[in-house]
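Remarks on the overall topology
Given next are the chains, with one letter for each unit.
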Amino acid sequence: MVIIQYSKYLDFLSKLGIGGAHPGGINLTKEIFKRENINKNSHILDVGCGTGQTAAYLAYKYGANVTGIDINPTMVAKAKKRMQKNHLPVQIIQVSAEKIPLPDHHFDFIISESVLSFVNKPRALKEVFRLLKNGGRFIAIEHTINQRLKEKEENEIKQFYGFDSLTMKKDWVALMKQAGFEHIRIQKNTSIDSVPDLHYSDDLELGFYEIMGKHFDILSRYEGKLGYRIYSCTK
Ligand SMILES: C[S@@+](CC[C@H](N)C(=O)[O-])C[C@H]1O[C@@H](n2cnc3c(N)ncnc32)[C@H](O)[C@@H]1O
(Lines give C-alpha, C1' and ligand atoms only; values in the text may rest on other atoms or scores of the structure.)
Protein backbone atom coordinates (compact mmCIF):
# COMPACT_ATOMS: atom_id res chain seq x y z
CA MET A 1 0.00 0.00 0.00
CA VAL A 2 1.25 3.50 -0.82
CA ILE A 3 1.33 5.77 2.23
CA ILE A 4 1.85 9.46 1.59
CA GLN A 5 3.18 11.02 4.77
CA TYR A 6 2.85 14.60 5.95
CA SER A 7 5.79 16.50 4.53
CA LYS A 8 7.35 19.06 6.91
CA TYR A 9 9.47 20.08 3.97
CA LEU A 10 6.48 20.99 1.76
CA ASP A 11 4.87 22.93 4.59
CA PHE A 12 8.13 24.83 4.95
CA LEU A 13 8.32 25.48 1.20
CA SER A 14 4.82 26.92 1.06
CA LYS A 15 5.63 29.39 3.85
CA LEU A 16 8.96 30.25 2.32
CA GLY A 17 7.07 30.81 -0.90
CA ILE A 18 10.06 29.91 -3.00
CA GLY A 19 9.23 30.75 -6.62
CA GLY A 20 11.10 27.91 -8.24
CA ALA A 21 11.14 25.02 -5.81
CA HIS A 22 12.62 22.50 -8.18
CA PRO A 23 16.21 21.60 -8.94
CA GLY A 24 17.63 23.77 -11.72
CA GLY A 25 15.00 26.45 -11.05
CA ILE A 26 13.34 28.62 -13.67
CA ASN A 27 16.48 28.69 -15.83
CA LEU A 28 16.27 24.94 -16.35
CA THR A 29 12.54 25.28 -17.13
CA LYS A 30 13.31 27.93 -19.77
CA GLU A 31 15.95 25.68 -21.36
CA ILE A 32 13.55 22.72 -21.47
CA PHE A 33 10.73 24.66 -23.13
CA LYS A 34 13.03 26.29 -25.71
CA ARG A 35 13.24 22.85 -27.33
CA GLU A 36 9.46 22.34 -27.44
CA ASN A 37 7.09 23.66 -30.04
CA ILE A 38 4.87 25.97 -27.98
CA ASN A 39 2.65 28.79 -29.20
CA LYS A 40 -0.50 30.67 -28.24
CA ASN A 41 -2.67 27.69 -29.21
CA SER A 42 -0.86 25.30 -26.85
CA HIS A 43 -2.71 24.06 -23.78
CA ILE A 44 -0.32 23.43 -20.91
CA LEU A 45 -0.93 22.05 -17.42
CA ASP A 46 1.54 22.60 -14.56
CA VAL A 47 0.91 19.85 -12.01
CA GLY A 48 1.99 20.95 -8.52
CA CYS A 49 2.56 24.50 -9.75
CA GLY A 50 3.63 25.88 -6.36
CA THR A 51 3.70 29.68 -6.44
CA GLY A 52 3.12 29.60 -10.22
CA GLN A 53 6.52 30.73 -11.47
CA THR A 54 6.64 28.27 -14.39
CA ALA A 55 2.94 28.68 -15.26
CA ALA A 56 3.38 32.47 -15.35
CA TYR A 57 6.49 32.17 -17.51
CA LEU A 58 4.78 29.92 -20.09
CA ALA A 59 1.76 32.22 -20.32
CA TYR A 60 3.89 35.37 -20.57
CA LYS A 61 6.60 34.09 -22.92
CA TYR A 62 4.51 31.99 -25.33
CA GLY A 63 0.98 33.35 -24.80
CA ALA A 64 -0.02 29.72 -24.15
CA ASN A 65 -3.23 28.67 -22.40
CA VAL A 66 -1.90 27.62 -19.03
CA THR A 67 -3.56 25.94 -16.05
CA GLY A 68 -1.81 25.25 -12.74
CA ILE A 69 -2.97 22.89 -10.02
CA ASP A 70 -1.61 22.43 -6.51
CA ILE A 71 -2.94 20.83 -3.35
CA ASN A 72 -1.49 23.36 -0.91
CA PRO A 73 -3.74 26.37 -0.16
CA THR A 74 -0.82 28.68 0.64
CA MET A 75 0.87 27.83 -2.66
CA VAL A 76 -2.42 28.29 -4.53
CA ALA A 77 -3.01 31.71 -2.93
CA LYS A 78 0.52 32.80 -3.87
CA ALA A 79 0.13 31.52 -7.45
CA LYS A 80 -3.21 33.35 -7.86
CA LYS A 81 -1.68 36.54 -6.50
CA ARG A 82 1.22 36.24 -8.96
CA MET A 83 -1.19 35.87 -11.92
CA GLN A 84 -3.31 38.83 -10.78
CA LYS A 85 -0.29 41.05 -10.22
CA ASN A 86 1.06 40.24 -13.69
CA HIS A 87 -2.35 40.31 -15.42
CA LEU A 88 -1.90 36.77 -16.69
CA PRO A 89 -4.99 34.69 -17.62
CA VAL A 90 -3.68 31.53 -15.92
CA GLN A 91 -6.26 29.36 -14.17
CA ILE A 92 -5.04 28.07 -10.78
CA ILE A 93 -7.01 25.28 -9.14
CA GLN A 94 -6.55 23.75 -5.69
CA VAL A 95 -6.79 19.99 -6.25
CA SER A 96 -4.68 16.89 -5.86
CA ALA A 97 -2.53 15.60 -8.71
CA GLU A 98 -4.08 12.23 -7.99
CA LYS A 99 -7.57 13.34 -9.04
CA ILE A 100 -7.71 16.34 -11.34
CA PRO A 101 -11.22 17.48 -12.31
CA LEU A 102 -10.37 18.45 -15.91
CA PRO A 103 -11.45 16.80 -19.19
CA ASP A 104 -9.64 13.93 -20.94
CA HIS A 105 -7.30 14.61 -23.89
CA HIS A 106 -7.16 18.35 -23.24
CA PHE A 107 -3.48 19.29 -22.94
CA ASP A 108 -0.62 19.43 -25.46
CA PHE A 109 1.97 19.56 -22.69
CA ILE A 110 1.95 18.68 -19.02
CA ILE A 111 4.83 19.57 -16.74
CA SER A 112 5.55 18.57 -13.17
CA GLU A 113 8.61 19.98 -11.52
CA SER A 114 9.59 18.17 -8.33
CA VAL A 115 6.06 17.02 -7.56
CA LEU A 116 5.58 13.35 -8.44
CA SER A 117 8.02 12.25 -5.74
CA PHE A 118 5.62 13.69 -3.13
CA VAL A 119 2.43 12.02 -4.39
CA ASN A 120 1.02 8.60 -5.20
CA LYS A 121 3.05 8.18 -8.39
CA PRO A 122 0.93 5.61 -10.28
CA ARG A 123 -2.27 7.57 -9.61
CA ALA A 124 -0.81 10.92 -10.61
CA LEU A 125 0.76 9.48 -13.76
CA LYS A 126 -2.55 7.89 -14.71
CA GLU A 127 -4.20 11.33 -14.41
CA VAL A 128 -1.47 13.01 -16.46
CA PHE A 129 -1.88 10.37 -19.17
CA ARG A 130 -5.67 10.80 -19.22
CA LEU A 131 -5.44 14.60 -19.50
CA LEU A 132 -2.92 14.64 -22.37
CA LYS A 133 -3.97 14.71 -26.02
CA ASN A 134 -2.74 11.81 -28.12
CA GLY A 135 0.79 12.75 -29.15
CA GLY A 136 1.01 15.18 -26.21
CA ARG A 137 4.15 15.37 -24.12
CA PHE A 138 4.78 15.03 -20.43
CA ILE A 139 7.92 16.54 -18.93
CA ALA A 140 8.97 15.93 -15.34
CA ILE A 141 11.92 17.13 -13.31
CA GLU A 142 12.15 14.55 -10.57
CA HIS A 143 14.28 13.39 -7.67
CA THR A 144 16.23 10.33 -8.63
CA ILE A 145 18.63 8.28 -6.54
CA ASN A 146 21.73 7.17 -8.35
CA GLN A 147 22.10 4.01 -6.28
CA ARG A 148 20.11 2.12 -3.63
CA LEU A 149 20.93 3.44 -0.15
CA LYS A 150 20.94 1.67 3.20
CA GLU A 151 17.42 1.22 4.61
CA LYS A 152 18.14 3.68 7.44
CA GLU A 153 19.34 6.31 4.97
CA GLU A 154 16.35 5.85 2.67
CA ASN A 155 14.01 6.16 5.65
CA GLU A 156 15.64 9.41 6.77
CA ILE A 157 15.11 10.97 3.33
CA LYS A 158 11.58 9.58 2.90
CA GLN A 159 10.47 10.79 6.31
CA PHE A 160 11.87 14.28 5.95
CA TYR A 161 10.44 14.94 2.49
CA GLY A 162 7.32 12.80 2.88
CA PHE A 163 8.21 10.55 -0.08
CA ASP A 164 6.57 7.10 -0.15
CA SER A 165 9.60 5.66 -1.95
CA LEU A 166 12.96 6.66 -3.36
CA THR A 167 13.08 6.22 -7.09
CA MET A 168 15.92 5.31 -9.42
CA LYS A 169 15.91 6.06 -13.17
CA LYS A 170 14.70 2.57 -14.00
CA ASP A 171 11.83 2.89 -11.48
CA TRP A 172 10.61 6.13 -13.10
CA VAL A 173 10.78 4.52 -16.53
CA ALA A 174 8.77 1.53 -15.29
CA LEU A 175 6.15 3.83 -13.73
CA MET A 176 5.83 5.88 -16.93
CA LYS A 177 5.54 2.79 -19.10
CA GLN A 178 2.95 1.35 -16.74
CA ALA A 179 0.87 4.54 -17.18
CA GLY A 180 1.04 4.08 -20.99
CA PHE A 181 3.76 6.58 -21.94
CA GLU A 182 6.16 5.97 -24.83
CA HIS A 183 9.44 7.43 -26.12
CA ILE A 184 10.77 8.06 -22.63
CA ARG A 185 13.90 10.23 -22.62
CA ILE A 186 16.07 10.97 -19.61
CA GLN A 187 18.47 13.87 -19.31
CA LYS A 188 20.84 15.07 -16.64
CA ASN A 189 21.31 18.78 -16.09
CA THR A 190 24.95 19.59 -15.56
CA SER A 191 25.17 23.32 -16.11
CA ILE A 192 22.10 25.22 -14.89
CA ASP A 193 21.64 26.40 -11.30
CA SER A 194 18.60 27.68 -9.39
CA VAL A 195 18.01 31.39 -8.87
CA PRO A 196 16.11 31.95 -5.60
CA ASP A 197 12.80 33.87 -5.85
CA LEU A 198 11.24 34.09 -2.40
CA HIS A 199 7.73 35.11 -1.29
CA TYR A 200 7.80 34.69 2.52
CA SER A 201 4.56 34.24 4.47
CA ASP A 202 4.06 36.48 7.52
CA ASP A 203 3.73 33.47 9.83
CA LEU A 204 7.25 32.05 9.53
CA GLU A 205 8.15 30.24 12.76
CA LEU A 206 11.48 29.46 14.40
CA GLY A 207 11.23 25.79 13.34
CA PHE A 208 11.65 27.10 9.83
CA TYR A 209 15.43 27.43 10.22
CA GLU A 210 15.67 23.89 11.58
CA ILE A 211 13.89 22.50 8.52
CA MET A 212 15.98 24.55 6.13
CA GLY A 213 19.14 23.32 7.92
CA LYS A 214 18.02 19.70 7.70
CA HIS A 215 17.28 20.06 3.97
CA PHE A 216 20.79 21.38 3.27
CA ASP A 217 22.31 18.77 5.58
CA ILE A 218 20.60 15.97 3.59
CA LEU A 219 21.69 17.49 0.28
CA SER A 220 25.31 17.64 1.36
CA ARG A 221 25.44 14.23 3.07
CA TYR A 222 23.86 12.45 0.10
CA GLU A 223 25.66 14.41 -2.61
CA GLY A 224 26.25 12.14 -5.60
CA LYS A 225 23.63 9.67 -4.38
CA LEU A 226 20.48 11.81 -4.34
CA GLY A 227 20.03 13.76 -7.57
CA TYR A 228 17.42 14.51 -10.18
CA ARG A 229 16.75 13.93 -13.85
CA ILE A 230 14.60 15.48 -16.54
CA TYR A 231 12.15 12.92 -17.94
CA SER A 232 10.12 13.49 -21.07
CA CYS A 233 7.70 11.11 -22.70
CA THR A 234 4.81 10.99 -25.15
CA LYS A 235 1.23 9.72 -25.03
C1 LIG B 1 8.91 21.01 -4.36
S2 LIG B 1 7.42 21.86 -4.64
C3 LIG B 1 7.55 22.29 -6.36
C4 LIG B 1 6.60 23.41 -6.74
C5 LIG B 1 6.72 23.90 -8.19
N6 LIG B 1 6.50 22.83 -9.13
C7 LIG B 1 8.05 24.55 -8.41
O8 LIG B 1 8.88 23.99 -9.12
O9 LIG B 1 8.26 25.63 -7.88
C10 LIG B 1 6.22 20.56 -4.67
C11 LIG B 1 4.82 21.04 -4.91
O12 LIG B 1 3.96 19.91 -5.04
C13 LIG B 1 2.74 20.23 -4.40
N14 LIG B 1 2.04 18.98 -4.08
C15 LIG B 1 2.37 18.05 -3.15
N16 LIG B 1 1.48 17.04 -3.15
C17 LIG B 1 0.56 17.34 -4.11
C18 LIG B 1 -0.60 16.71 -4.60
N19 LIG B 1 -1.02 15.53 -4.11
N20 LIG B 1 -1.28 17.30 -5.59
C21 LIG B 1 -0.88 18.48 -6.13
N22 LIG B 1 0.21 19.14 -5.69
C23 LIG B 1 0.93 18.58 -4.70
C24 LIG B 1 3.17 21.02 -3.19
O25 LIG B 1 2.12 21.74 -2.61
C26 LIG B 1 4.25 21.89 -3.79
O27 LIG B 1 3.75 23.08 -4.30
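Look a little higher up for the structure.
Scope of this entry: the structure provided in the associated data block. (Residues numbered from 1 in each chain as written. Predicted model: local features only at pLDDT ≥ 70, side-chain atom pairs only at ≥ 80, totals over all residues. Heavy atoms only, no water.)

What follows deals with the overall build of the chain. When you go through the chain residue by residue, the secondary structure sums to eight helices and seven strands. Among the 235 residues that make up the chain, the fraction classed as buried is 54%. A separation of at least 24 residues holds for 80% of the contacts in the chain among residues at least 6 apart in sequence. Carbon and sulfur atoms make up 52% of the accessible area of the chain, which amounts to about 11,800 Å² in all. (Helix = DSSP H or I, 4+ residues; strand = E, 2+ residues; numbered from the N terminus. Buried < 20%, exposed > 50% of the residue type's maximum accessible area, 1.4 Å probe, protein only. Contact = heavy atoms within 4.5 Å. Areas by Shrake-Rupley, 256 points an atom, 1.4 Å probe, with all protein chains shown as cover.)

Burial within helix 3 (residues 53-62) is extensive, with eight of its ten residues counted as buried. Among the residues making up helix 3, those that are buried are Gln-53, Thr-54, Ala-55, Ala-56, Tyr-57, Leu-58, Ala-59 and Tyr-62. The inward-facing, buried residues of helix 3 contact helix 2 (25-34), strand 1 (43-47), strand 2 (65-70), helix 4 (73-85) and strand 4 (107-113).

Right, let's talk about the site of the ligand for a bit. Around the ligand, the surrounding shell holds 21 residues, and the nearest of these are Ala-21, His-22, Gly-48, Asp-70 and Ala-97. Here Ile-71 contributes a backbone N or O atom positioned 3.4 Å from a nitrogen atom of the ligand. A distance of 3.3 Å separates a nitrogen atom of the ligand from a polar side-chain atom of Ser-96. Against a free-state accessible area of 590 Å², the protein chains account for coverage of 96% of the ligand. Of the residues contributing to the shell around the ligand, the split by class is eleven nonpolar, eight polar and two charged. (Near = heavy atom within 4 Å. Polar contact = N/O pair within 3.5 Å; in protein donor to acceptor, adjacent residues only side chain to side chain. Nonpolar A, V, L, I, M, F, W, Y, C, P; charged D, E, K, R; others polar.)

Quick look at the pattern of salt bridges now. It is possible for side chains of opposite charge to pair when their charged atoms get near one another. Taken as a whole, this structure holds 13 salt bridges when the rule is applied. Across the pair Lys-34 and Glu-31 runs a salt bridge whose closest N-O atoms are separated by 3.0 Å. Highlighted residues: Lys-34 and Glu-31, both in helix 2, separated by three residues, approximately one helical turn. Here Asp-171 and Arg-148 are joined by a salt bridge, their closest N and O atoms 3.6 Å apart. Taken together, the residues span a long stretch of sequence, with Asp-171 in helix 7 (residues 169-179) and Arg-148 in the loop between strand 5 (132-145) and helix 6 (151-161) at a distance of 23 residues. Accessibility expressed as a relative area gives 43% for Arg-148, which makes it partly exposed. Here the residues in one salt-bridge network are Arg-148, Glu-154, Lys-170 and Asp-171, joined through shared partners. (Salt bridge = Lys/Arg side-chain N within 4 Å of Asp/Glu carboxyl O.)

Now for unusual backbone geometry. For His-105, which is not glycine, the phi torsion reads 50° and is therefore positive. Position of His-105 among the secondary structure elements: in the loop between strand 3 (91-94) and strand 4. Non-glycine residue Ser-114 carries a positive phi angle of around 60°.

Further remarks concern the environment of Leu-45. With respect to the helices, strands and loops of the structure, Leu-45 is situated in strand 1. Considered as a pair, Leu-45 and Val-90 are 45 residues apart in the sequence and their alpha carbons are 10.0 Å apart. Once residues lying within four places of it in the same chain are set aside, the contact partners of Leu-45 are Thr-67, Ile-69, Ile-100, Leu-102, Phe-107, Phe-109, Ile-110, Ile-111 and Leu-131.

The geometry of an aromatic ring pair comes down to the distance between the two centres and the angle between the two planes. Following the criterion strictly, the structure yields eight aromatic pairs and no others. Look at Trp-172 and Tyr-231: their rings are 6.0 Å apart centre to centre, the planes differ by 50°, and that puts the pair in the tilted class. Of the two residues, Trp-172 sits in helix 7 while Tyr-231 sits in strand 7 (residues 226-234), which places them 59 residues apart along the sequence. As far as burial versus exposure is concerned, Trp-172 and Tyr-231 are alike and both buried. Taken together through their ring pairs, the aromatic side chains of Phe-118, Phe-160, Tyr-161 and Phe-163 make up a single cluster. Against the face of Phe-129 rests Lys-235, its NZ or CZ located 4.9 Å from the ring centre. (Phe/Tyr/Trp six-rings, centres within 6.5 Å; stacked < 30°, edge-to-face > 60°. Lys NZ or Arg CZ within 6 Å of the ring centre and 35° of its normal.)

The next subject is the nonpolar core. Ranked by size, the top nonpolar core spans 43 residues in total, and within it Leu-45, Val-47, Ile-110, Phe-138, Ile-157 and Phe-181 carry the most contacts. Once residues lying within four places of it in the same chain are set aside, the contact partners of Ile-157 are Leu-149, Gly-162, Phe-163, Leu-166, Ile-218, Tyr-222 and Leu-226. (Core = buried A, V, L, I, M, F, W, Y, C linked by side-chain atoms within 4.5 Å.)

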